[in-house]
Amino acid sequence: EEEVRHSLPASQYSKLVSNLDRISSSIRKYGNERDSPIISILGHVGNYWRSGILSLLLPMPQRPSAMIRQFAALAPEHPISHRILTLNLRALERDGLIRRYAVEDSRAHVEYELTEMGRQVCQFMWSVIDWGEENYDKIVRSREKFDEAD
């Protein structure tokens, strides 16, 4: 610790300690298990199907059958099954990112919609995607440079 303290300017060292304290505080408070709220939310954002479901629900509520058709149209080489859709919808619903509700009309069915938390996660997710697109070339060059060194 002393070596790090002396190798950094005071303001950078203070920021480093603050960031590490924040991380360790979060782990102490929420745990570092897969079911931890923070790890779970990051898992949703990084999951192909869940981030796709969140994106499909952003403009409007959807029936599960409509989501299956949209996934098939958007990525025909990678369709989603009913079972996988259901498992992912339940995980998002469990964390409060989407809401399931019954529609009572001539053909009773269920629909899903984003909650306010789900909308907030979508904003975060799209910020990360935008960042990735802006830095894509830099990331590719960095990987190539790293791989060449091996």
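Here the structure is shown first, and the text comes after it.
This structure is a prediction, so every number in the text was calculated from the model and none was measured. Within each chain, residue numbers correspond to sequence positions counted from 1 in written order. At least 70 in pLDDT is required for a residue's local features to be given in this predicted model, at least 80 for side-chain atom pairs to be given and counted, and no such filter applies to totals for whole chains, interfaces and linings, which use all residues. With hydrogens and water stripped out, all remaining heavy atoms of the structure feed into the side-chain values.

S.K.: A description of helix 3 (residues 37-46) should follow, citing residues and the corresponding values.
M.R.: Within helix 3, burial applies to Ser 40, His 44 and Val 45. Axial view of helix 3: buried residues confined to an arc of 140 degrees, hence all on one face. Buried residues along helix 3 sit in contact with helix 4 (48-57), helix 6 (82-94) and helix 7 (116-134). Three labels apply to residues, based on accessible area from a 1.4 Å probe with only protein chains included: buried if under 20% of the type maximum, exposed if over 50%, partly exposed otherwise in between. Numbering of helices and strands runs from the N terminus; a helix is a DSSP stretch of H or I covering at least four residues, while a strand is a stretch of E covering at least two. An arc is given here, and it is the one of the directions from the helix axis to the C-beta atoms. Contacts between residues were defined by any pair of non-hydrogen atoms, one from each residue, lying within 4.5 Å.

S.K.: How would you summarise the pairing of strand 2 (residues 109-114) if you had to cite specific residues and measurements?
M.R.: Along any regular strand the residues' side chains alternate between the sheet's two faces. For two strands to count as paired, DSSP must find a minimum of two bridges between them. As judged from the six bridges shared by strand 1 (residues 98-103) and strand 2, these two strands associate in the antiparallel manner. Pairing of Ala 102 across the sheet is with Val 110, part of strand 2. Adjacent in sequence and paired antiparallel, strand 1 and strand 2 are bridged by five residues.

S.K.: Please give an account of helix 8 (residues 136-149) that cites residues and values.
M.R.: Helix span, expected: 1.5 Å multiplied by one less than the number of residues in the helix. The first and last C-alpha atoms of helix 8 sit 20 Å apart over 14 residues, in line with the 20 Å expected at 1.5 Å per residue. Of all the 14 residues making up helix 8, zero are buried; the element is thus mostly uncovered.

S.K.: Please set out the packing of aromatic side chains residue by residue, giving values where relevant.
M.R.: Aromatic ring pairs are reported here in terms of the distance separating the ring centres and the angle at which the planes meet. To pair, rings of Phe, Tyr and Trp, with the six-membered ring standing in for Trp, must have centres within 6.5 Å; the planes then decide the type, stacked if under 30 degrees apart, edge-to-face if over 60, and tilted in the middle. Throughout the structure, instances matching the rule amount to two aromatic pairs. Summarising the aromatic geometry, the rings of Trp 49 and Phe 71 are spaced 5.1 Å apart at their centres and angled 85 degrees between planes, so their arrangement reads as edge-to-face. One end of the pair, Trp 49, is in helix 4; the other, Phe 71, is in helix 5 (residues 64-74), with 22 residues separating them in the sequence. For the pair shown, Trp 49 and Phe 71 are each scored as buried. An aromatic cluster is built from Tyr 48, Trp 49 and Phe 71, whose rings are joined through pairwise contacts.

S.K.: Give me the packing of helix 3 against helix 7: which residues, what numbers.
M.R.: As a rule, the C-alpha atoms of each element are fitted with a line to give its axis, helices using only the stretch in contact, and angles between N-to-C directions run from 0 to 180 degrees. The interhelical angle for the contact between helix 3 and helix 7, taken along N-to-C directions, is 60 degrees, at an axis separation of 10 Å. The angle between helix 3 and helix 7 falls in the class oblique. The two elements helix 3 and helix 7 cross, and the hand of that crossing is right-handed. Judged by residue contacts, Ile 41, Leu 42 and Val 45 of helix 3 engage Val 121, Phe 124 and Met 125 from helix 7. Angles are sorted into four bins: roughly parallel if under 35 degrees, roughly antiparallel if over 145, roughly perpendicular if 65 to 115, and oblique for all others. Crossing handedness is defined as follows: a turn of the near helix away from the far one that is anticlockwise and smaller than a right angle gives a left-handed crossing, while the clockwise case is right-handed.

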